[in-house]
Amino acid sequence: RIAIVDNAVETAHTDLAPNMWINTGEVFGNGIDDDGNGYIDDINGYDVSDNDEDPNPINSTFDHGTHVAGIASAATNNNTGVAAIGYSCKIIGIKASQDGGSPSSITDGYAGISYAVAAGAKVVNCSWGGTFSSTTAQNLIDWAYSQNVIIVAAAGNSSTNQQFYPAAFNNVISVASTDNGDLKSSFSNYGSWIDVSAPGSNIYSTLPGNTYGYTSGTSMASPLVAGLVGLMRALSPTLPQSNIIN
C-alpha cells in the first residue's frame, strides 16, 4: 500500500480505480469506525483536513495529488492512459488540503502521515514541504519508521541546496529531479542531503476529470521512487527498511 498524502486523489479515475485501496474492514456509510483505526468510513482513504471519508478533489484545480498518484501506481497493462512503476500496488488517497483553502497548500501533511500509518501503508509519498524543521514532525516520522513505514518526499523546486522538509528529515528518502537528458532539472533542489534523483521534468500522468497531462517538479520525481519502493516491498515483504533504502 502506497499512501499519497497530497491535496486530493480522484479515486474513480479509470487509470487509478483498479489500484485504489479498499478498506474491507469498513462498512461504508454506516457512520461507524468498524475497523477501529480511529477513522470513520475510510474506504479508499481519508480527508484529514476536513475530517471526512472523501479524499477526492472538490474541483479540477485540486489536481496535484491525482497526478502524483498516477506516477506511483496507475494501473498497468489495461490499455488505458499511462503505466506506473508500482504496477499493482494499492493507492491510499489522503487529502491534506482544506476544501476552502488553496489547492497548492498542504496544511495537514503530518496528520496525513499519521493516518497513513493507521491505514496500514508501507510507503508514504509526500510531494510537498517547506524550509522549516520541527522536532515534533521528526518525532512523528521516527514513529512511522518504527512502524515499518518508508517515507519518500520531494526535495523542492527552488534550485537551491537549502534543506527542504519533510525530505531532509532523518528516516525520509529525499528525491531530487532529473530531466530527459539525465541531468538535474533546472528547478530541482540539490545538495549532500539528497538521497536519490528520479525523472521529474514533463511527466505525463493522471488528472481529475478522468484526464491526463504533463507536469514538472520534484513532486513528480518523488512518487516514481515511492512506486519503486512499493514494488520492492511487494516482492520482499520481510526485507528490512534499511536494505530497501540502500
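One structure accompanies this document, and this report is about it. (Residues numbered from 1 in each chain as written. Predicted model: local features only at pLDDT ≥ 70, side-chain atom pairs only at ≥ 80, totals over all residues. Heavy atoms only, no water.)

So, about the nonpolar core. Of all hydrophobic cores here, the largest spans 35 residues; its most connected members are Ile 92, Ile 94, Ile 113, Tyr 115, Val 124 and Ile 151. Going through the elements one at a time, β1 (2-6), β3 (91-95), α2 (109-118), β4 (123-126), α3 (135-146), β5 (150-154) and β6 (172-178) are the ones with two or more residues in this core. The contact partners of Ile 151, leaving out residues within four places of it in the chain, are Ile 113, Val 124, Cys 126, Ile 141, Ala 144, Asn 171, Val 172 and Ile 173. In this structure, Leu 16, Ile 71, Ile 91 and Ile 173 belong to the second largest nonpolar core, which totals 27 residues. (Core = buried A, V, L, I, M, F, W, Y, C linked by side-chain atoms within 4.5 Å. Buried < 20%, exposed > 50% of the residue type's maximum accessible area, 1.4 Å probe, protein only. Helix = DSSP H or I, 4+ residues; strand = E, 2+ residues; numbered from the N terminus. Contact = heavy atoms within 4.5 Å.)

Looking along a regular strand, one sees side chains alternate from face to face of the sheet. In terms of residue burial, β6 counts as a mostly covered element, since seven of its seven residues are buried. Residues of β6 alternate between two faces, with Val 172, Ser 174, Ala 176 and Thr 178 on one and Ile 173, Val 175 and Ser 177 on the opposite face, all of them buried. With four bridges connecting them, β5 and β6 associate as parallel partners. Residue pairing in the sheet places Val 152 in a bridge with Ile 173 of β6. The pairing of β6 with strand β7 (residues 196-199) spans four bridges and is classified as parallel. Considered in β7, the bridge of Ser 177 is made with Ala 198. (Pairing = 2+ DSSP bridges.)

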